[in-house]
Amino acid sequence: MHVDVSGANNRGYLVLEDGTVFVGRLIGAEKTAIGEVVFTTAVVGYPQILTDPSYKGQIIVFTKPLVGNYGVSEDQMESDRIKAEGVVLFEATKPSHYKSVMSLEEWLAASGIPGVARVDTRALVLKLREHGVMMGAVGPEEPGALLEALRKSPRYEELSYVDLVSVQGPVELGEGRLCVGIVDCGVKKSIVKEFLKRGVRVRLVPCRRPEAAFDCDGLFLSNGPGNPQLLDSLASKVAQYAEYKKPLMGICLGHQVIAMAFGARIYKLKFGHRASNKPVRDLRFTGKTYITTHNHGYAVDPEGTELKVWAVQPDDGTVEGLYHERQPVLTTQFHPEASPGPHDTLWIFDKFLGLIERHAGY
Ligand SMILES: NC(=O)CC[C@H](N)C(=O)O
């Protein structure tokens with residue numbers, strides 16, 4: 001397939017590993033990026049998505065045709081900079097918002113991130129849904145050269161990205177009676193904010209040294225990029241912590257690693273779940289179905305472990321939340337902290353802090 005809707009001299013290409021080429025207009029940095037090509041159907045939140053460290057190693061396709069309408073501002077960042085490798089979209093628009101300090105295109109260029117605009121994202125998403133996610137390259141080079149670079153590059157699932165986005169040493173934040181240790185596999189600012197807002201101290205520790213937070217009142221495993229199956233050593237350390245029966249919570253990658261610590265199987269989804277309007281059915285605590293933000297390409301199968309399912313994704317039945325009947329363990333595959341939202345499931349943070357309070361004897 002070869003679709004040319006660029007109509008511009010400044011050509012950019014997206015080449016997929018099966019040789020499919022999309023031609024468009026190069027935006028952002030004039031360079032090539034390689035990554036796993038994934039799509040999100042979120043209609044807002046592009047600054048949060050691009051700065052979410054969980055997208056390291058991935059090229060994001062936005063299905064919303066107009067991206068950039070409200071520009072970019074500091075309060076929308078989930079980390080210090082763009083973490084995605086590249087973007088693919090239909091139209092990068094000029095912003096109109098009082099807080100905006102630059103356009104999406106200017107931001108991509110200033111951040112050294114390439115993108116391709118004017119791509120038929122509907123055709124691209126149909127392809128990814130049929131075939132499953134693929135490796136891809138975006139950039140100004142001719143498709144042949146991009147495909148060559150792609151063939152030489154390691155695959156997304158083989159690379160360990162967490163070390164690139166984790167803190168280097170422990171960092172203490174906030175004040176409060178209780179301390180939550182966050183194992184930083186690429187934590188989003190919104191998660192840290194949710195804890196600080198509730199008056200607890202936070203200690204961020206490197207993802208390879210979770211033991212530096214074992215003395216906190218509760219341990220939290222963050223979201224993060226890459227294949228969770230590469231994190232067995234972290235999972236075995238978490239299994240050691242779990243033996244103390246102290247409070248344990250995880251979101252997304254953190255949920256997957258906790259599941260691994262209890263012996264669950266991890267598997268890769270065909271094209272993942274990335275959106276800000278995905279349903280999650282709570283089978284245990286409230287009986288409600290919530291609208292949530294998702295960003296994951298892997299899922300867990302806790303069959304045969306001590307973990308029980310409290311939430312599921314009604315579209316495909318995948319596991320969205322786990323708990324333990326005799327230990328204070330609570331996890332979510334989805335993102336209760338999501339910014340700009342929805343905020344329907346923020347109560348999970350209160351629930352975890354409740355487990356910590358009870359465990360600490362307050
Ligand atoms: N947002 C996340 O933490 C993603 C977790 C993991 N990298 C996945 O894709 O499933």
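Check the entry above for the structure.
The written sequence of each chain sets the order in which its residues are numbered from 1. Under the rules for a predicted model, residues below a pLDDT of 70 receive no local features and side-chain atom pairs below 80 are neither given nor counted, while totals for whole chains, interfaces and linings still include all residues. In computing side-chain values, all of the structure's heavy atoms are included and hydrogens and water are not.

1. Some points on the site of the ligand
Heads up, the rule is: For each residue, the test is whether any non-hydrogen atom lies within 4 Å of the molecule or strand; if one does, the residue is near. The term polar contact refers here to a pair of N or O atoms within 3.5 Å; inside protein, the definition further demands a hydrogen-donor-capable atom paired with an acceptor-capable atom, and it admits residues adjacent in sequence only when both atoms are side-chain atoms. Accessible areas in this description were obtained via Shrake-Rupley with a 1.4 Å probe; residue shielding takes into account the shown protein chains only. In this analysis a 1.4 Å probe is tested at points of a 1 Å grid over the protein atoms alone, and where it fits but cannot get out there is a cavity; an open set with protein on both sides within 12 Å along at least five of seven lines is a pocket; lining residues have an atom within 4 Å of a point. Pocket occupancy is defined atom-wise: a molecule lies in a cavity or pocket when more than half of its atoms are within 2 Å of its grid points. For the purposes of this entry, the term helix denotes a DSSP run of H or I that reaches at least four residues, the term strand denotes a run of E that reaches at least two, and both are numbered from the N terminus. Here the term charged refers only to Asp, Glu, Lys and Arg, the term nonpolar to Ala, Val, Leu, Ile, Met, Phe, Trp, Tyr, Cys and Pro, and the term polar to all other amino acids, Gly among them.
Around the ligand, a shell composed of 13 residues is seen, among which Gly224, Gly226, Cys252, Asn295 and Gly297 lie nearest. Note that an oxygen atom of the ligand is positioned 3.0 Å from one of the side-chain N or O atoms of Gln256. Within the contact set of the ligand, an oxygen atom lies 2.9 Å away from a backbone nitrogen or oxygen of Gly297. For the ligand, whose unbound accessible area comes to 300 Å², protein coverage reaches 99%. Of the pockets mapped on this structure, the ligand occupies the second largest cavity. Every element with two or more residues in the shell around the ligand is listed here: α8 (253-261) and β17 (289-301). When residues in the shell around the ligand are grouped by element, the largest group, 4 residues, is from β17. Across the shell around the ligand, the residue classes tally to 4 nonpolar, 9 polar and no charged.

2. Some remarks on the pairing of β17
Just so we agree on the cut-off: Three exposure classes are used, based on accessible area relative to the maximum for each residue type with a 1.4 Å probe and protein chains only: buried under 20%, partly exposed in between, and exposed over 50%. One bridge is not enough; two strands pair if DSSP finds at least two bridges between them.
In terms of residue burial, β17 counts as a mostly covered element, since 10 of its 13 residues are buried. In the sheet, strand β16 (residues 265-282) pairs with β17 via 11 bridges, with the strands oriented antiparallel. Each bridged residue has a counterpart across the sheet, and for Arg281 the counterpart in β17 is Thr289. Once β16 ends, the chain turns through 6 residues before running back antiparallel as β17, passing Gly287 with a positive phi of about 75°.

3. Details of empty space enclosed by the protein
A water-sized probe, rolled over the atoms, reveals where empty space remains. This is how it is decided: Grid points are joined across faces, edges and corners, and a volume is the space filled by probe spheres set on the points. What counts as a domain boundary in this text is fixed by an automatic or database domain assignment.
Taken as a whole and assessed by the stated rule, the structure comprises 4 cavities of 30 Å³ or more. Around the largest cavity, the lining comprises 19 residues; the ones closest to its centre are Gln48, Ile49, Lys188, Thr293 and Ser339. Considering only residue class, the lining of the largest cavity consists of 7 nonpolar, 9 polar and 3 charged. When residues of the lining of the largest cavity are sorted by domain, at least three fall in each of domain 1 (2-156) and domain 2 (162-360). Here the second largest cavity defines a volume of roughly 130 Å³. Together, 16 residues line the second largest cavity, and Tyr156, Gly226, Asn295, His296 and Gly297 are the ones closest to its centre. At the level of elements, α8, β16 and β17 are the ones that each hand at least two residues to the lining of the second largest cavity. Residue contributions to the lining of the second largest cavity peak at 4 residues, all from β17. In terms of residue class, the lining of the second largest cavity is made up of 5 nonpolar, 8 polar and 3 charged.

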